Amino acid sequence: MEFSFTEEQLLLQKTLRQYAKSELLPNYHRWDRGEKFPREKILEMGQLGLLGLRVPERYGGQDASFVTCGIASEEISRGDFNYGLFIQLSCIPAELLRAKASPEVQAEWLPRLASGDAVIAFALTEPAVGSDAANLATRAVKQGDEYVITGEKASVTFGGYADACIVFARTGESGAGGVSAFLVPLDRPGITRTVYRSPGERLSARGSLFFDGARIPARFRLGEEREGFTGAMVSFDFNRAFIALSAVGAALQSLEETVEYTKTRQAFGRPLAKFEGVSFQVAEHLTLVEGARLIAYKCLWFKDQGLPHTKESAMSKWLGPKAAVEAIHACLILHGHYGYNQESPLEQRMRDVIGLEIGDGTPEIMKGIVAREVYGREFMSYR
Ligand SMILES: Cc1cc2nc3c(=O)[nH]c(=O)nc-3n(C[C@H](O)[C@H](O)[C@H](O)COP(=O)(O)OP(=O)(O)OC[C@H]3O[C@@H](n4cnc5c(N)ncnc54)[C@H](O)[C@@H]3O)c2cc1C
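Residues numbered from 1 in each chain as written. Predicted model: local features only at pLDDT ≥ 70, side-chain atom pairs only at ≥ 80, totals over all residues. Heavy atoms only, no water.

### So, the overall build of the chain
Next, step 1: Helix and strand content of the chain: eleven helices and ten strands.
Next, step 2: Scaling as 2.2 N^0.38, a compact globule of 383 residues should have a C-alpha radius of gyration of about 21 Å, and the chain matches this with 21 Å.
Next, step 3: Overall, the chain is about 80 × 50 × 40 Å in size when its C-alpha atoms are taken along their principal axes.
Next, step 4: For the chain, the residues scored as buried account for 55% of the 383 residues in total.
Next, step 5: Pairs at least 24 apart in sequence give 75% of the contacts found in the chain among residues at least 6 apart.
Next, step 6: As displayed, the chain has an accessible area near 17200 Å², and 55% of this comes from carbon and sulfur atoms.
Next, step 7: Looking at the chain, you have 44 positive and 48 negative side-chain charges, and the mean spots of the two groups are 2 Å apart. (Helix = DSSP H or I, 4+ residues; strand = E, 2+ residues; numbered from the N terminus. Rg over C-alpha atoms; globule rule 2.2 N^0.38 Å. Buried < 20%, exposed > 50% of the residue type's maximum accessible area, 1.4 Å probe, protein only. Contact = heavy atoms within 4.5 Å. Areas by Shrake-Rupley, 256 points an atom, 1.4 Å probe, with all protein chains shown as cover. Lys, Arg positive; Asp, Glu negative; His and termini not counted. Charge placed at Lys NZ, Arg CZ, Asp CG, Glu CD.)

### A look at unusual backbone geometry
Next, step 1: Phi is positive for Asp63, which is not a glycine, with a value near 50 degrees.
Next, step 2: Among the structural elements, Asp63 can be located in the loop between helix H2 (39-47) and helix H3 (66-79).
Next, step 3: Positive phi, close to 60 degrees, is recorded for Ser155, a residue that is not glycine.
Next, step 4: Tracing the chain through its elements places Ser155 in strand E3 (residues 146-156).

### Describing the site of the ligand
Next, step 1: The immediate surroundings of the ligand are formed by 19 residues, with Phe122, Thr125, Ser131, Thr362 and Glu364 found nearest.
Next, step 2: One of the side-chain nitrogen or oxygen atoms of Thr157 is found 2.8 Å away from a nitrogen atom of the ligand.
Next, step 3: A distance of 2.6 Å is found between an oxygen atom of the ligand and a side-chain nitrogen or oxygen belonging to Glu364.
Next, step 4: Relative to its unbound accessible area of 960 Å², the ligand is 65% covered by the protein chains. (Near = heavy atom within 4 Å. Polar contact = N/O pair within 3.5 Å; in protein donor to acceptor, adjacent residues only side chain to side chain.)

### Here's the deal with the pattern of salt bridges
Next, step 1: Applying the stated rule across the entire model yields 25 salt bridges.
Next, step 2: A salt bridge links Asp163 to Arg39; its shortest N-O distance comes to 2.4 Å. In this pair, Asp163 sits in the loop between E3 and strand E4 (164-170) while Arg39 sits in helix H2, placing the two residues 124 residues apart along the sequence.
Next, step 3: Judged by its relative accessible area of 29%, Arg39 is partly exposed.
Next, step 4: The partner of Lys263 in a salt bridge is Glu260, with the nearest N and O atoms 3.3 Å apart. On the criterion of helical spacing, the pair formed by Lys263 and Glu260 is a turn pair, its members being three residues apart in helix H6 (residues 228-264).
Next, step 5: Owing to a relative accessible area of 47%, Lys263 belongs among the partly exposed residues under this scheme. (Salt bridge = Lys/Arg side-chain N within 4 Å of Asp/Glu carboxyl O.)

### A word on the packing of H3 against H6
Next, step 1: Interaxial distance between H3 and H6 falls to 7 Å at its minimum, and their mutual angle equals 35 degrees. The handedness of the crossing between H3 and H6 comes out as right-handed. On the side of H3, the interface is formed by Phe66, Cys69, Gly70, Ser73, Glu74, Ser77 and Arg78, while H6 contributes Phe238, Phe242, Leu245, Ser246, Val248, Gly249, Ala250, Leu252, Gln253 and Glu256.
Next, step 2: Residues that form the contact of H3 with H6 fall into these classes: eight nonpolar, six polar and three charged. (Axes fitted to C-alpha atoms, helices over the stretch in contact; angles between N-to-C directions. Left-handed = near helix turned anticlockwise from the far one by under 90°. Nonpolar A, V, L, I, M, F, W, Y, C, P; charged D, E, K, R; others polar.)

### Considerations on the state of the cysteines
Next, step 1: What the rule picks out here adds up to zero disulfides.
Next, step 2: There is no disulfide at Cys165, and the cysteine sulfur nearest it, in Cys91, is 17 Å away.
Next, step 3: For Cys165, a relative accessible area of 0% gives the class buried.
Next, step 4: Cys299 carries a free sulfur, and the closest cysteine sulfur to it, the one in Cys69, is 12 Å from it.
Next, step 5: Overall, the relative accessible area of 0% leaves Cys299 in the buried class. (Disulfide = S-S within 2.5 Å.)

### Remarks on the packing of H3 against helix H4 (residues 83-100)
Next, step 1: Between H3 and H4, the least distance of the axes is 8 Å, while the angle of their chain directions is 155 degrees. Regarding the angle of H3 to H4, the classification is roughly antiparallel. In this structure, H3 uses Phe66, Cys69, Ala72, Ser73, Ile76 and Ser77 to contact H4, whose residues at the interface are Tyr83, Gly84, Ile87, Cys91 and Glu95. (Parallel < 35°, antiparallel > 145°, perpendicular 65-115°, else oblique.)

### Some details on the pairing of strand E2 (residues 139-143)
Next, step 1: One ladder, built from five bridges, connects E2 with E3; its direction is antiparallel. What sits directly across from Val141, in E3, is Val148.
Next, step 2: Between E2 and the antiparallel strand that follows it, E3, lie two residues; Gly144 among them carries a positive phi value of about 65 degrees. (Pairing = 2+ DSSP bridges.)

### Looking at the domain arrangement of the chain
Next, step 1: Along its sequence, the chain is carved into domain 1 (7-118), domain 2 (121-226) and domain 3 (229-379).
Next, step 2: On a C-alpha basis, the centres of domain 2 and domain 3 stand 30 Å from each other.
Next, step 3: Of the roughly 870 Å² buried at the junction of domain 2 and domain 3 (both faces included), carbon and sulfur atoms supply 65%.
Next, step 4: For the pair domain 2 and domain 3, the number of links is zero salt bridges.
Next, step 5: Where domain 2 packs against domain 3, one counts three residue pairs in polar contact (both at pLDDT 80 or more).
Next, step 6: Tallied by class, the residues present in the side of domain 2 that touches domain 3 amount to eight nonpolar, two polar and two charged. (Domains from an automatic or database assignment. Buried area = accessible area lost by both parts, 1.4 Å probe.)

Right, dumping it as structure tokens:
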């Protein structure tokens, strides 16, 4: 069993940790307090190679392994958890486009995705369906060499400013088998948006997209009709480990800050760290977060080897954000009144990470997947 990263991965880890500390962490609160997230920052991420990790080299990307993408997610999220969303939402469209798009669509959109010129969102959820996404109602009707899309997509990360979106819509019968996927440029007539007032992840401008008879060329369909839902599920299987590692990055940063703080803050004539009631909390949370981290990397390693990883993906998705939120909560309390203050990053980290306890699948649904993998489908109360 081999637990080390390659030389290249170690260098990336070191470089990104430094970048997160010096460039992202000092600005973390800015995009939370109403300051608009500038487009130049997305281009900067593109220049750093963070948006083309899963884009093929011929389209300006790195074609990096999934473990490498996980390292990027963890390290970047130490500085700003929300930057991890850009890694997730560049890897998902990259995978779907490289596997399912026509060569012309790939040549047009993959370089734009890798450079940060185009932000591509992912729209599966609707007002009436989230966990039960296979029952989505948005329709795509073929008319000549176009599709006409009608419906509302809800809770779309980057909904407020994405340039395009992978939209899942019904082209056939009810259930998962009738769902197709499309790349939809969001500047088409018939598309409008709203942005939610979110407790956290405000940088991501999560919102609804409304399609009112929006027309797109048929060549923007991804793969065959009715195979869209499978593509969504394949994306979830690696993205859930990225989410876990983003949460882990935010938690490890918080724990490191807490170790430093409790070494210097005095109470009852000694540093807080000398009280086992304090240091044991740090020890416990570090242990739990490291457990979540290992499952997530194991999942990505399986993905890189072409091995099944659905169970590990679901395990890491419920455990990672939960362990992280609990660790950050403890860190906040261990900072006393300084922690319960907007000058400290801890309260924002908690709000930010909680969002991804829900996004991409709730803990209940993740445990259902683990149980399904263990017991078999015949023991599920729903499909
Ligand atoms: C921060 C954030 C970002 C998001 N980004 C995106 C995005 O980019 N694109 C996108 O398409 N969607 C996105 N979502 C939506 C997200 O994927 C859904 O919110 C999620 O899948 C849950 O669906 P729901 O909100 O409709 O909850 P529901 O499905 O209504 O569930 C409500 C509650 O019931 C529980 N529940 C449901 N079914 C069962 C069951 N069978 N057994 C036990 N408990 C159950 C759930 O676990 C949950 O606690 C995002 C959400 C958040 C919060």
